[in-house]
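Residue-level structural notes
Here is what each chain is made of, one letter per residue.
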Amino acid sequence: MAAPEKLTDTLETLEMVPDRNERIQLLIDLAGRFEEVPQRIARRPFGEEHRVPACESEAFVFTEERPDGTLDFHFAVENPQGISAKAMAVILGDSLSGAPLDQVAQVPQDVVYRVFGRELSMGKSMGLMGMVGMVSAMAKKRAGRKGV
Amino acid sequence: MGRKEADVSEIESRGYARPEVLVSTDWVASHLQDSSIRIIESNEDPLLYPSGHIPGAVEVDWTRDLNDPLRRDYLGREGFEALMRRIGVTQDTTVVFYGDRNNWWATYAYWVFQLFGHAKAKIMDGGRIKWEKEGRPLTRDVPSYPASQYRASERDDKKIRAFRDQVLEHLEAKKPLVDVRSPDEYTGKKLHMPEYPNEGALRGGHIPGAASVPWAKAINPDDGTFKTGAELRSLYENDAKIKPGDDVIVYCRIGERSSHTWFVLTNLLGFDKVRNYDGSWTEWGNLVGVPIER
């Protein structure tokens, strides 16, 4: 199964920045672009079914269906200092929204390491992988309903 | 009374066993140029320090600086010496930790420093969020200090760290354990959500006999400061039924949140035998031949 094209491009772009400090600056800039889920889709208190398990930054994932049946992914990050979660949300939202559902369903959770490098704490990597897993699970669920 | 004195007495007035382990944001702000102090930021989020930190603060990253890269363990004496030399800390330097998530990682770093006996250590009450909310300065400039000649003691795991066999003996002896994870982790509910990623353990639940006291209950949610001694005693001594003379083991998922509770019990409430089981649920929940409770 091919990976979603935009995600592949994003990961390749990040991997072209091997210097850790430069990559961190890039990710901080990405986090600065984070936009919370629009109120037309979700309002507080967010439903627990949208909460990312194991994410200590209290991230939530929401979907909105496009006319072609694919999904837009939206996020909320309740921890104001959850910069990594926000950067991950921007990457996932930008690169997986509108992608074929069967491809999104297959995105491996270890893309987190390709984004942040291996130097993540166990808890942090579990939280960020939880965001990827949640997006994949939502795509899989939607694809199942559509019989894709 | 000057402002600094007022802060000291405010922390002292909270009824802690060792109030000297906490300093206020004001105290830190007035010691930014103090060469006997090294301010250390320790976060869960690796992007936070580079996005801005207290002027003069160095970063100690739990993954890169405190963990052995190949073995699930902390760094040894030589690694600790190298770290302290790199950040320009001598045996006489007082280190002041602060960080994100209500100082959760700051207390973790503090705990690891105590494995090596660096007793001149404090926590900035309220952590990073309080400093930010007060509109105090942050900088992206990474400071550089002359390397020290720090000589470390061998790491001593006996007093404040527990391993799985000791935990098994502890529970068989019906001694107190405190599970500091969320209620859903404690009951095992979180592991049973279909289609969603699990918590890194095969089974959900808790170590038999463990009391549930989520770590963040020790914190005032508005400003991230620690609750008063009376409030903490109510939480741990009245509700969880543990007392200062008890032999207590605390744990969470990987031992980081429980270092926060270890700090509270040991320093703020004066418990004299508290050990942190850093293997925690990611070890216990996967261990062959040990009991769990739901």
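Residues numbered from 1 in each chain as written. Chains lettered and ligands numbered in written order. Predicted model: local features only at pLDDT ≥ 70, side-chain atom pairs only at ≥ 80, totals over all residues.

What follows covers the overall build of chain B. Looking only at helices and strands, chain B features 12 helices and nine strands. A compact globule built from 294 residues would reach a C-alpha radius of gyration of about 19 Å, and chain B, at 19 Å, matches this within 12%. For chain B, the spread of C-alpha atoms along the principal axes amounts to about 55 × 45 × 40 Å. When burial is assessed residue by residue, chain B has 45% of its 294 residues classed as buried. Long-range pairs, those at least 24 residues apart, make up 75% of the contacts in chain B between residues at least 6 apart in sequence. (Helix = DSSP H or I, 4+ residues; strand = E, 2+ residues; numbered from the N terminus. Rg over C-alpha atoms; globule rule 2.2 N^0.38 Å. Buried ≥ 20, exposed ≤ 12 C-beta atoms within 10 Å, placed from the backbone. Contact = placed C-beta atoms within 7 Å.)

Let us now look at the sheet that holds strand E2 (residues 37-41) of chain B. Residues and elements named next belong to chain B. Pairing is parallel in the open sheet, where five strands are placed in the order E1-E5-E4-E2-E3. With partners counted over all chains shown, the strands left at the sheet margins are strand E1 (22-23) and strand E3 (58-59), one partner each. As paired strands, strand E4 (residues 94-98) and strand E5 (residues 121-124) are joined by three bridges and run parallel to one another. From the neighbouring strand, Val96 faces E5, where its bridge partner is Lys122. (Pairing = 2+ DSSP bridges.)

As a further point, take the interface of chain A and chain B. Contact residues are listed per partner, giving 29 residues for chain A and 25 residues for chain B. Where the side of chain A that touches chain B is concerned, the elements lending two or more residues are helix H2 (20-32), helix H3 (83-96) and helix H6 (122-146) of chain A. When residues of the side of chain A that touches chain B are assigned to their parent elements, the largest contribution, 10 residues, is made by H6 of chain A. The residue makeup of the side of chain A that touches chain B, split by class, is 15 nonpolar, 10 polar and four charged. (Nonpolar A, V, L, I, M, F, W, Y, C, P; charged D, E, K, R; others polar.)

Let us now look at the domain arrangement of chain B. Residue and element names in this part refer to chain B. Partitioning chain B into domains gives domain 1 (3-133) and domain 2 (164-284). With centres defined by C-alpha atoms, the gap from domain 1 to domain 2 works out at 22 Å. The partner domain 2 presents 20 residues to the 21 residues of domain 1 that form the contact. Elements with a contribution of two residues or more to the side of domain 1 that touches domain 2: helix H6 (100-115) and helix H7 (127-133). For the side of domain 1 that touches domain 2, the element with the most residues is H6, which contributes eight residues. Of the residues that constitute the side of domain 1 that touches domain 2, the class distribution is 10 nonpolar, six polar and five charged. (Domains from an automatic or database assignment.)

Bringing the confidence of the model for chain A into the picture now. Confidence in the prediction of chain A, expressed as mean pLDDT, is 92, and 97% of residues score 70 or more. At the level of individual helices and strands, chain A shows its lowest average pLDDT in H6 of chain A, which scores 89, and its highest in strand E2 (residues 71-77) of chain A, which scores 98. (pLDDT = per-residue confidence, 0-100.)

Attention now goes to the packing of H2 of chain A against H3 of chain A. What describes two packed helices is the angle between their axes and the distance between those same axes. All names here are of chain A. The interhelical angle for the contact between H2 and H3, taken along N-to-C directions, is 75°, at an axis separation of 8 Å. If you check the angle between H2 and H3, you find them roughly perpendicular. Residue-level inspection shows Leu27, Ile28, Leu30 and Ala31 of H2 in contact with H3, the latter providing Ile83, Lys86, Ala87, Val90 and Ile91. (Axes fitted to C-alpha atoms, helices over the stretch in contact; angles between N-to-C directions. Parallel < 35°, antiparallel > 145°, perpendicular 65-115°, else oblique.)

All names here are of chain A. Axis separation between helix H1 (residues 5-15) and H3 bottoms out at 7 Å; the angle between their running directions is 135°. Considering the angle they form, H1 stands oblique to H3. For the pair formed by H1 and H3, the contact residues are Lys6, Leu7 and Thr10 on the first element and Ile91, Asp94, Ser95 and Leu96 on the second. Its residues assigned to classes, the contact of H1 with H3 comprises three nonpolar, two polar and two charged.

So, on to the confidence of the model for chain B. All names here are of chain B. Across chain B, pLDDT averages 93, with 94% of residues at or above 70. Residue range residues 192-197 is modelled with pLDDT below 50. Its contacts to residues more than four positions away, or to other chains, number 14 contacts. Reported for the predicted complex are a pTM of 0.88 and an ipTM of 0.85.

In globular proteins that are soluble, nonpolar side chains generally tend to be buried together. All names here are of chain B. In this structure, Ile40, Val96, Phe97, Ala109 and Val250 are the most contacted members of the largest nonpolar core, which totals 72 residues. Two domains each donate at least three residues to this core, and these are domain 1 (3-133) and domain 2 (164-284). Residue contacts for Val250: discarding those within four places in its chain leaves Val178, Val180, Ser258, Thr261, Trp262, Val274, Asn276 and Tyr277. (Core = buried A, V, L, I, M, F, W, Y, C linked by C-beta atoms within 7 Å.)

This brings us to the sheet that holds strand E8 (residues 247-251) of chain B. All names here are of chain B. Taking strand neighbours across the sheet as the criterion, the four strands line up as E7-E6-E8-E9 in an open arrangement whose pairing is parallel. Every other strand in the sheet has two partners, leaving strand E7 (211-212) and strand E9 (273-276) as the edge strands with one partner each. When strand E6 (residues 177-179) meets E8, the two strands line up parallel, connected through three bridges. What sits directly across from Val178, in E8, is Val250.

Residues and elements named next belong to chain A. Across its 13 residues, H2 extends 18 Å between first and last C-alpha, which sits within 8% of the 18 Å expected from 1.5 Å per residue. Restricting attention to buried positions, one finds in H2 the residues Ile24, Leu27, Leu30 and Ala31. Summarising the axial view, the buried residues of H2 lie within an arc of 120°, below the 170-degree limit, and thus occupy one face. Summarising the geometry of H2, the exposed residues directed more than 90 degrees from the buried face are Asn21, Glu22, Asp29 and Gly32. (Expected span 1.5 Å × (residues − 1). Arc of directions from axis to C-beta.)

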